[in-house]
Amino acid sequence: MYAIVEIAGQQFKVSKDQKVFVHRLEGKEGDAVTFAKVLMLDVDGTITLGAPAIEGASVEAKVLQHLKGDKVIVFKKKRRKGYKKKNGHRQSLTQIQISGITGAGAAPKKKAAAKKADVAETTETAE
């Protein structure tokens, strides 16, 4: 079972117990966070696509730590002009661990059960 979820403006393919580095999130280390914007859900080969998101589906995660990423060097130069600029930064990241994926699969099953109940009622009234 895996899901494609949007977290802090980026899309990630996640599964249970996976660790992911995402852009800095609000919350302290050890807090539980929930992401409701699930774009795709795969449950045992059955794929559910959202338009744009799947209603009722969510991904729960736990914040493991806040950290900074590797240093990125930005170097600009114009040849023969004496222009050089060296700049850089370290991105603020959060490491999360996916604790569970809740699908919207329960809602269609209820609808199917409700349809079966309606069919049963109509056959009883017809007799």
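Residues numbered from 1 in each chain as written. Predicted model: local features only at pLDDT ≥ 70, side-chain atom pairs only at ≥ 80, totals over all residues. Heavy atoms only, no water.

As recorded in an unreviewed UniProt entry, the protein goes by the name Large ribosomal subunit protein bL21, listed as coming from Flavobacterium arundinis. The heading Sequence similarities (unreviewed entry) in the UniProt record of the protein holds the text "Belongs to the bacterial ribosomal protein bL21 family." (UniProt positions renumbered as here; feature names shortened; annotations may be inferred.)

> Would you take a moment to explain the nonpolar core for this structure?
Inside soluble globular proteins, nonpolar side chains tend to come together where they are buried. Judged by nonpolar contacts, the single largest core of 21 residues is most densely connected at I7, F35, V59 and I96. Breaking this core down by element, the ones donating at least two residues are β1 (2–7), β2 (10–15), β3 (19–23), β4 (32–35), β5 (38–43), β7 (58–78) and β8 (83–102). Once residues within four sequence positions are removed from consideration, V59 is found in contact with A3, V5, V14, V33, T34, F35, V38, I98, G100 and I101. (Core = buried A, V, L, I, M, F, W, Y, C linked by side-chain atoms within 4.5 Å. Buried < 20%, exposed > 50% of the residue type's maximum accessible area, 1.4 Å probe, protein only. Helix = DSSP H or I, 4+ residues; strand = E, 2+ residues; numbered from the N terminus. Contact = heavy atoms within 4.5 Å.)

> Is there a simple way to think about the sheet that holds β2 in this case?
Whether parallel or antiparallel, the strands of a sheet pair through hydrogen bonds between backbone atoms. Ordered by their spatial adjacency, four strands build an open sheet running β2-β1-β5-β6, and the pairing between neighbours is antiparallel. Strands with a single pairing partner mark the edges of an open sheet, and in this sheet they are β2 and β6 (46–49). The sheet shows a mean angle of 20 degrees between the axes of neighbouring strands, taken without regard to direction. Of the pairings in the sheet, the one linking β1 to β2 comprises six bridges and is antiparallel in character. Among the inter-strand pairings, I7 is bridged to a residue of β2, identified as Q10. (Pairing = 2+ DSSP bridges. Axes fitted to C-alpha atoms, helices over the stretch in contact; angles between N-to-C directions.)

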